[in-house]
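For reference, the chains in residue letters:
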Amino acid sequence: KMGIEESDEKSDDLDEEDDDDDDDYEPEIIGDENLASVSSIDELISFATSKSGGAGEDSDVPSTEWANPVDISDVGKALGGGVVLVANPAKFCDDFAEKKPPSAALLSKFGLTLPPPPELGPDRRADLLPVLLLLDRHPLKGCHALLLNRRTGYLIGDLEQQQLDDEDGKNSSPPPNLGAFMIQPLWFGGTSSGGEQSGPTTNGLDMIHLCPAVDGAKMLTEDGLYYGGDPSQAQDAMSDPELERPMTGFDFKFFVQSTRWLPMQLEKEIRDGSWFAASVSKEVVFKSRDRLGAKRAKPLWTEVMELLGGEFQGIRDQLYKEEE
């Protein structure tokens, strides 16, 4: 049995129930007679976009969702905060492996006891292929990253409630007031301890976000992706009048634990072909991947590989070949 969080199994059960409900739903046709030809969520979105003059395939408005390969000919120079690591299925899936089966140590680092089998289907397998955001590379401490595509099944509000009570049911040290983030998912950052920025003010969590007004935050990418800072102060920073737009809790992601490599360990894995390195826009990293009507949202791994194009698109197509 695979080492996959129980929350993922529950999510699949809910997906099946949602499918039954969606079969009974008939969209109401209103207004424009052209709506009669709309038969899916995607078509409805495209129709609305065309009517509103929004960005489309023929629009001159540049897309904010992009990914570009990072040149790893000099791995030491290529790796740094903000680089996204995308798993090579040849190192994680049996049916992709050419010479030897995937390393058990590599799989266990991301909570997997066995390679994701084809029977799971391409989207589920893509969800299990790790995508990580590199936070830091230190010559003596090694590399530190956050796993971006694994939920714990908890919300920030659930975590705060648990910390209000100790084993005797009595109030211990109250956690910071994070009311603005109560409904935000708690993500699983990896199997190692959290980052250096974790402490009393961070509630033991790592935080990435899009808010430049957060005290103590480190800028990871030029397009405005940040790591760390004080989440309590961040609630005030979200409404800073100097921001380009007001922020919400959805502009923040919180992680329990993280992923670490010993010095030169990640560099070796990249040379061995375990990872593709990419520069990815903040919009792709923060895009909501909750279910959209009867259709599942596109996995992060899948979208990044498609945006990278070329040989990466070919690897993506190989994973999805049976479905298509």
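Residues numbered from 1 in each chain as written. Predicted model: local features only at pLDDT ≥ 70, side-chain atom pairs only at ≥ 80, totals over all residues. Heavy atoms only, no water.

Visitor: Honestly, the packing of aromatic side chains in this entry has me stumped. Any pointers?
Guide: A ring pair, where both rings are aromatic, is described by two values, the distance of the centres and the angle of the planes. The final tally for this structure, using the stated rule, is 7 aromatic pairs. Look at Phe276 and Phe312: their rings are 5.2 Å apart centre to centre, the planes differ by 80°, and that puts the pair in the edge-to-face class. Here Phe276 is found in strand 12 (residues 275–280), whereas its partner Phe312 is found in helix 11 (residues 310–319), with 36 residues between them in sequence. For Phe276, a relative accessible area of 13% puts it in the buried group. Classification of Phe312 by relative accessible area gives buried; the value is 10%. Three or more aromatic residues link up through ring pairs in this structure, and these residues are Phe92, Phe110, Trp261 and Trp275. Above the ring of Phe286, the side-chain terminus of Lys253 is found at 5.5 Å from the ring centroid. Its end group placed over the ring of Tyr320, Arg316 keeps NZ or CZ at 4.2 Å from the ring centre. (Phe/Tyr/Trp six-rings, centres within 6.5 Å; stacked < 30°, edge-to-face > 60°. Helix = DSSP H or I, 4+ residues; strand = E, 2+ residues; numbered from the N terminus. Buried < 20%, exposed > 50% of the residue type's maximum accessible area, 1.4 Å probe, protein only. Lys NZ or Arg CZ within 6 Å of the ring centre and 35° of its normal.)

Visitor: I would appreciate a short explanation of the confidence of the model for the chain in the present structure.
Guide: Regions with low pLDDT should not have their predicted coordinates read in detail. Looking at the chain as a whole, the pLDDT averages 81, with 71% of positions reaching at least 70. Residue range residues 1–12 is modelled with pLDDT below 50. Its contacts to residues more than four positions away, or to other chains, number 28 contacts. Confidence drops under pLDDT 50 across residues 20–33; counting only partners more than four residues distant or on other chains, this segment forms 8 contacts. (pLDDT = per-residue confidence, 0-100. Contact = heavy atoms within 4.5 Å.)

Visitor: Explain the sheet that holds strand 1 (residues 67–69) here, please?
Guide: Hydrogen bonds between backbone groups are what pair the strands of a sheet, and the pairing can be parallel or antiparallel. What the 6 strands build is an open sheet, ordered 1-12-2-3-4-11; its pairing is antiparallel. At either margin of the open sheet sits one strand with a lone partner, and together these are strand 1 and strand 11 (259–261). Going from strand to strand, the sheet's axes swing by 35° on average, the running direction of each strand aside. Note: strand 2 (residues 84–87) against strand 3 (residues 131–138), 3 bridges, orientation antiparallel. Across the sheet, the residue bridging to Val84 is Leu133, located in strand 3. The sheet strands contacting helix 10 (residues 300–308) are strand 1, strand 2, strand 3 and strand 12, and the helix crosses strand 1 at an angle near 65°. (Pairing = 2+ DSSP bridges. Axes fitted to C-alpha atoms, helices over the stretch in contact; angles between N-to-C directions.)

Visitor: Help me out: how do you make sense of a nonpolar patch on the surface in this one?
Guide: Where nonpolar side chains cluster on the molecular surface, the patch consists of Leu155, Met182, Ile183 and Phe250 and spans about 380 Å² of accessible area. For Met182, the position within the fold is in the loop between helix 6 (156–163) and strand 6 (185–188). (Patch = residues over 30% accessible without salt bridge, like charges linked within 9 Å, V, L, I, M, F, W, Y side chains within 5 Å. Areas by Shrake-Rupley, 256 points an atom, 1.4 Å probe, with all protein chains shown as cover. Salt bridge = Lys/Arg side-chain N within 4 Å of Asp/Glu carboxyl O.)

Visitor: Looking at this model, I keep getting lost on the side chain of Arg125. Mind explaining?
Guide: Mapped onto the secondary structure, Arg125 falls in helix 5 (residues 122–128). On the basis of relative accessibility, which here comes to 3%, the residue Arg125 falls in the buried class. Engagement of the side chain of Arg125 in a polar contact is seen with the backbone oxygen of Pro117, the distance being 3.3 Å. In this structure, Arg125 is in contact with Cys93, Asp95, Phe96, Pro116, Pro117, Pro118, Leu120 and Leu319, ignoring residues within four places of it in sequence. (Polar contact = N/O pair within 3.5 Å; in protein donor to acceptor, adjacent residues only side chain to side chain.)

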